[in-house]
Amino acid sequence: MSKNLLIVESPAKAKTITKYLGGDFIVASSYGHIRDLPKNNKAIDIENGFVPSYEVSKEKEKVVSELKKLKKEAKEVYLATDEDREGEAISWHLCEVLNLDPKTTKRVTYSEITESAIKKAIANPRTINMNLVNAQQARRVLDRIVGFEISPILWRKVRPNLSAGRVQSVAVRIIVEREREIQQFQAKMYYKVAALFDEKDIEGKPVKVKAESAKDLSTDVEAKKVVESFVGANFSISKIEKKAGKKSPVAPFTTSTLQQEASKKMGYSVAKTMQVAQRLYEAGHITYMRTDSVNLSDTAINDAQKAVEKFYGKDYHKMRKYASKIANAQEAHEAIRPTDFTKSSVDAESDETKLYDLIWKRAIASQMSDAAIENTIVTIGNNQNEIDLIARQEVVTFEGFLKAYMVEKDEDDEENTGGYLPPMKEGQAMQLANLTATQKYSKHPARYNEASLVKKLEELGIGRPSTYAPTISTIQNREYVLKDYRDGKKLDFQVYKLENNQVSLLTESMITGAEKAKLFPTDIGMLVTDFLKIHFEKVIDYKFTANMEEDFDEISNGKIEWQKMLEKFYKPFHEEVEITLETAERVSGERSLGNHPDSKEPMIARMGRFGPMIQIGVTDENNPDFKPRYARLRKDQSIETITMEQALELFKLPRIVGEFEGKELKVNVGRFGPYVQQGTAFTSLKKEDDVMSIDLETAIQRIVDKRESDAKKLILDFPEEGIQVLQGRWGPFIKQGKENYRIPKGEEADKLSLDTILEIIKGESKTSTTKSPKKTAKATAKTTAKKTAKTTKKK
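What this report covers is the structure whose coordinates are included nearby. Each chain carries its own residue numbering, running from 1 in the written order of its sequence. Local features are withheld for residues below a pLDDT of 70 in this predicted model, meaning they are given only at 70 or higher, and side-chain atom pairs are given and counted only at 80 or more; totals for whole chains, interfaces and linings count all residues. To obtain the side-chain values, all non-hydrogen atoms of the structure were included, while hydrogens and water were left out.

## Describing the overall build of the protein chain
If you tally the helices and strands in the protein chain, you get 20 helices and 30 strands. Summarising its shape, the C-alpha atoms of the protein chain cover approximately 95 × 85 × 60 Å along the three principal directions. Think of it in three bands: residues with accessible area under 20% of the maximum for their type are buried, residues over 50% are exposed, and the middle band is partly exposed, with areas taken using a 1.4 Å probe on protein chains only. Among the 795 residues that make up the protein chain, the fraction classed as buried is 47%. Across the protein chain, the fraction of contacts at a sequence separation of at least 24, relative to all contacts at a separation of at least 6, is 70%. Using a 1.4 Å probe, accessible areas were evaluated by the Shrake-Rupley method; residue-level cover was limited to the displayed protein chains. Accessible area of the protein chain: about 42,100 Å², with a carbon and sulfur share of 48%. In this tally Asp and Glu are treated as negative and Lys and Arg as positive; neither His nor the chain ends contributes. For charged residues, the charge sits on one atom: NZ in Lys, CZ in Arg, CG in Asp, CD in Glu. Taking the 129 positively charged and 121 negatively charged side chains of the protein chain as two groups, their mean positions are separated by 3 Å. Put simply, DSSP marks the helices as runs of H or I at least four residues long and the strands as runs of E at least two long, and each gets a number from the N terminus on. By definition in these notes, contact holds between two residues if any of their heavy atoms fall within 4.5 Å.

This is the structure:
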């Protein structure tokens, strides 16, 4: 008897849904998109309404063949991909490839993978929503046009093999502009006055009470004078204020807020958060994780109430409904929440249990009562001057939602809830332990991390839940942005201290400026951003990009036609492309550092073919045989900020650190970063290794570590043929010279014979599958660049 066929986009999702549907259904996976735009300049017919030409990718041919076979045998086909635009587009592509009618094929949607939700969706199918499909197509086509027309310009005017993206370039601009803001920042020095008083707590134990002056001091002279004015002072409490307050819970998670909070609480990257959330969703533990809605369904609100009362008690419950602050919030219709509020934890991998715990607590807290707060402000006066010192305390008198969840503070947020205060009364004398005026400096704006960049993109209305993670991954993969950890620097500061009625000047030190997982623009990222701002200002304008997102929303709502939206964008954009190709000058970001102190030759920081570098000397007509000297910049250096002294240090490389096994060891910085060289063998150094200070022992350890790592990767070795079978990141593979070959399914890597390996190599060579996908893409892109240039000249 024929069965119904239900198609989803993920095998994990298929496995979960199969458990709910029984024997009437076969659940199959498309493994994501089954077709896409080809990697050439014929993908879009611009002159005839921007009609895209799609093709089934080679790796999906087998999947499509299997789906066609299942469709032929099926009683009826149901398309059950995700409910957002991307999911709708996948369903439409399935209709096109499997010869299904989009107007009649059953399309089922759901926001959670539970038995009741799946069965309800199947009982209430709809058809393909072409408005959602067209919104996805418009985004895909527009991004392809921008990338394919601007990228070749960057190759010719900036550096080969660069690429541009519509949203990605705006994200890079945000980071570049923050970096420039930091570079231009002038720290202001000030003094903060604080005092410690000796008191006793309710049990009679000694405690310190901290109080601060509300006014900061701006000079050394003023700081010294103020501290001296407290000599011989008697202190007493002049006023005590108590104010009742409250704290309210925040809304349940959207995609953006989940990414931000997972970063702050657990250090997850945006991509990792989405991968873990995807697994939780596909296992039926949480609702759909790509959403900008904060809404909870009535059923979810009722279930949350029962869970709050069960776990915390009736006093802790308060029903709340939240409204989204994001204009045109769409994608899904509910916030991210547990599918079962009675499950406070799940049996899963460590990352999944941690993220589920976060989601559960945030969702449950959103339906809990306010926390009651009592703020105490104690003003301490003295008989020597008019300067008041303020002590603060914040006490939670009823935990409310805080019993379940506390929101992490942003890096820029200043928290001043004070410390512990013992019982006090007005008029009470206070015993001074010491009083200080401590030198401080204002801080520059914080660099973005992945989470704060998502927050900024959302604030600007750029991107949508499905685009945040890919955007942030792309700008790092293209090396426009670097996620890095930077050590802080030692900072000496002065402290004027009053103790036992004696004023002293102390010099203390601290480590400041350390950066953890922050996003730094690379030199090429800054150079490309500057070029685009000059020649394609509109394309990377924040407001313009946000308006484009609103246009996509309008398309998804059926209010505007997607081809007309593209036509309106394309004509002025293409004119800019043509003008830029003809008139823009090549850029290198060149910056003069002055003349070399000994040779007096000019020293230049600039962008070279393989990255930022320093050049000493230039070739000219009078000395055509002169060869300039070059040195690469280190990862933490920039063309815009490197000094003459730092540049000269680079020419001390390569640096010999000693000998190992009878061979000289040299450390240097290459195209792919710092390394140690032993003869013809190269070993990468670790992030914490400094090429200017690394010692022999550490360099040897890096070489030994690499040998041990390589030995673990080696499965088989045929030295006479120059063939190895190695364990790679994505599984075992065959390596011959510089070429890599996939091992067919069913073959056990450690049992391959030489004859079998040679057959695999021969077979792959015939079908050209040995070419690197990246190389193929680059070759196609180069061809496109040439064709674009020729077409422009003809016009």
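There's plenty left to go through after this.
## Examining the pattern of salt bridges
Here a salt bridge means any side-chain nitrogen of Lys or Arg lying within 4 Å of a carboxyl oxygen belonging to Asp or Glu. Applying the stated rule across the entire model yields 50 salt bridges. With its nearest N and O atoms 2.7 Å apart, the salt bridge here joins Arg702 to Asp689. Of this pair, Arg702 sits in helix α18 (residues 696–713) while Asp689 sits in the loop between β26 (681–684) and α18, placing them 13 residues apart in sequence. Within the structure, one salt-bridge network assembled from shared partners comprises Glu9, Lys13, Asp82, Asp84 and Arg290.

## A word on the sheet that holds β26
For two strands to count as paired, DSSP must find a minimum of two bridges between them. Here we have four strands laid out as an open sheet, ordered β23-β24-β25-β26, and antiparallel in their pairing. Every interior strand has two partners, whereas the edge strands, β23 (655–660) and β26, have only one. Averaged over all adjacent pairs, the angle separating strand axes in this sheet is 30°, with direction ignored. Relative to strand β25 (residues 673–678), strand β24 (residues 663–670) runs antiparallel, the two sharing six bridges. For Val669, the partnering residue across the bridge sits in β25 and is Pro674. Lines fitted to C-alpha atoms define the axes, with helix axes restricted to the stretch in contact, and inter-axis angles between N-to-C directions lie between 0 and 180 degrees. Here α18 sits on the sheet in contact with β23, β24, β25 and β26, set at roughly 65° to β23.

## Observations regarding the packing of aromatic side chains
Side-chain rings of Phe, Tyr and Trp, where Trp is taken by its six-membered ring, are said to pair if the distance between their centres is within 6.5 Å; with planes under 30 degrees apart they count as stacked, over 60 as edge-to-face, and otherwise as tilted. Evaluation of the coordinates by the stated rule reveals 16 aromatic pairs. With 5.2 Å between their ring centres and 65° between their planes, Tyr281 and Tyr288 make a pair best called edge-to-face. Ring plane angle 65° and centroid distance 5.3 Å describe the contact between Tyr675 and Phe682, whose orientation is recorded as edge-to-face. Judged by relative accessible area, Tyr675 falls into the buried class, the value being 17%. Following the ring pairs from residue to residue traces out a cluster consisting of Phe50, Phe536, Phe544, Phe569, Tyr570 and Phe573. The criterion for a charge sitting over a ring is simple: Lys NZ or Arg CZ within 6 Å of the ring centre, and within 35 degrees of the ring normal. If you follow Lys265 out to its NZ or CZ, it ends over the ring of Tyr405, 5.1 Å from the centre. Positioned above the aromatic ring of Phe520, the side-chain terminus of Arg486 is 3.8 Å from the ring centre.

## Thoughts on the sheet that holds strand β28 (residues 723–728)
The strand order across the open sheet formed by four strands is β27-β28-β29-β30, and the pairing between neighbours is antiparallel. Of all the strands in the sheet, just β27 (714–718) and β30 (739–742) have a single pairing partner and so form its edges. The sheet shows a mean angle of 25° between the axes of neighbouring strands, direction not considered. Bridge analysis of β27 against β28 gives four bridges, and the strand direction is antiparallel. Considered in β28, the bridge of Leu716 is made with Val725. Contacts between α18 and the sheet are confined to β27 and β28, with β27 contributing the most and set at about 80° to the helix.

## Some details on helix α4 (residues 115–123)
When we look at burial in α4, the residues that qualify are Ala117, Ile118, Ala121 and Ile122. Each buried residue of α4 lies within a common arc of 130° when the element is viewed along its axis, so the set occupies one face. Projecting away from the buried face of α4 at angles above 90 degrees are the exposed residues Ser116, Lys120 and Ala123. What the arc measures is the spread of directions leading from the helix axis to the C-beta atoms.

## What to know about the packing of helix α5 (residues 130–157) against helix α16 (residues 562–583)
Contact geometry for α5 and α16: axes closest at 11 Å, N-to-C directions at 0°. By the angle between their axes, α5 is roughly parallel relative to α16. Each of Asn134, Gln137, Ala138, Val141, Leu142, Ile145, Val146, Glu149, Ile150, Ile153, Arg156 and Lys157 in α5 lies in contact with α16, whose residues at this interface are Trp562, Met565, Leu566, Phe569, Tyr570, Phe573, His574, Val577, Thr580 and Leu581. Throughout, the ten residues Ala, Val, Leu, Ile, Met, Phe, Trp, Tyr, Cys and Pro are labelled nonpolar, Asp, Glu, Lys and Arg are labelled charged, and all others, Gly among them, are labelled polar. Residue composition of the contact of α5 with α16, grouped by class: 15 nonpolar, four polar and three charged. When describing relative orientation, an angle under 35 degrees is termed roughly parallel and one over 145 degrees roughly antiparallel, while 65 to 115 degrees is termed roughly perpendicular and anything else oblique.

## What about helix α13 (residues 468–477)?
Residues of α13 that are buried: Tyr468, Ala469, Thr471, Ile472, Thr474 and Ile475. Contacts made by the buried residues of α13 are with α6 (166–184), α8 (255–266), α9 (270–282), α12 (450–460) and β15 (481–486).

## Structural notes on the pairing of strand β11 (residues 235–247)
With 12 bridges joining them, β11 and strand β12 (residues 371–382) adopt antiparallel strand pairing. Bridged to Phe235 within β12 is Asn382. Pairing of β11 with strand β14 (residues 429–441), which is carried by two bridges, proceeds in the antiparallel orientation. By the bridge assignment for β14, Phe235 is matched with Met430.

## Description of unusual backbone geometry
Omega for the peptide link from Leu653 to Pro654 comes to 0°, which places this bond in the cis form. Take Pro654: it is sitting in the loop between α17 (644–650) and β23. One non-glycine residue, Phe50, lies in positive phi territory at about 60°. Considering the arrangement of structural elements, one finds Phe50 in the loop between β4 (44–45) and β5 (51–52). Among the residues examined, Phe50 registers a relative accessible area of 5% and is labelled buried. In this structure, Glu661 is a non-glycine residue whose phi angle is positive, near 55°.

## Some words on the packing of α6 against helix α15 (residues 542–556)
Helices that pack against each other are described as a pair by the angle of their axes relative to one another and the distance between those axes. At a minimum axis distance of 11 Å, the contact between α6 and α15 shows a crossing angle of 145°. Considering how the two elements wind past one another, α6 and α15 form a crossing that is left-handed. Between α6 and α15, the residues in contact are Arg166, Val167, Val170, Arg173, Ile174 and Glu177 and Tyr542, Thr545, Met548, Glu549 and Phe552, respectively. For the contact of α6 with α15, the residue count by class is six nonpolar, one polar and four charged. Left-handed describes a crossing whose near helix is turned anticlockwise from the far helix by less than a right angle; the clockwise case is right-handed.

## What to know about the nonpolar core
Think of a nonpolar core as a cluster: buried Ala, Val, Leu, Ile, Met, Phe, Trp, Tyr and Cys residues, connected wherever their side-chain atoms sit within 4.5 Å. Counting 149 residues, the largest nonpolar core has Leu6, Leu154 and Phe573 as the members making the most contacts within it. With residues up to four places along the chain from it excluded, the contact list for Phe573 reads Ile145, Val146, Glu149, Ile150, Phe536 and Val539. Grouped together as the second largest cluster of nonpolar side chains are 27 residues, Val193, Ala233, Met430 and Tyr496 included.

## Observations concerning the side chain of Gln637
Residue position: Gln637 is located in the loop between β22 (629–632) and α17. The exposure class assigned to Gln637 is buried, which follows from its relative accessible area of 15%. Those residues in contact with Gln637, other than ones at most four positions away along the chain, are Asp523, Ile642, Gln646 and Leu650.

## Describing the environment of Gly165
Relative to the elements of secondary structure, Gly165 occurs in the loop between α5 and α6. When its relative accessible area of 8% is taken as the criterion, Gly165 is described as buried. In sequence terms Gly165 and Thr471 are 306 residues apart; their C-alpha atoms lie 9.1 Å from each other. Setting aside residues no more than four positions away along its own chain, Gly165 makes contact with Val146 and Arg478.

## Concerning the environment of Ile555
Residue position: Ile555 is located in helix α15. Every residue in contact with Ile555, bar those within four places of it in the chain, is listed here: Asn131, Asn134, Ala135, Ala138, Ile560, Trp562 and Met565.

## Things to note about the side chain of Arg107
Tracing the backbone shows Arg107 in strand β8 (residues 106–107). Polar contacts, as counted here, are pairs of nitrogen or oxygen atoms within 3.5 Å of one another; within protein the pair requires one atom able to donate a hydrogen and one able to accept it, and residues that are adjacent in sequence qualify only if both atoms are side-chain atoms. At a separation of 2.9 Å, a polar atom in the side chain of Arg107 contacts the main-chain carbonyl oxygen of Thr81. Excluding residues that lie within four positions of it along the chain, Arg107 makes contacts with Leu79, Ala80, Thr81, Asp82, Glu83, Gly87, Glu88, Ser91, Pro125, Arg126, Thr127 and Ile128.

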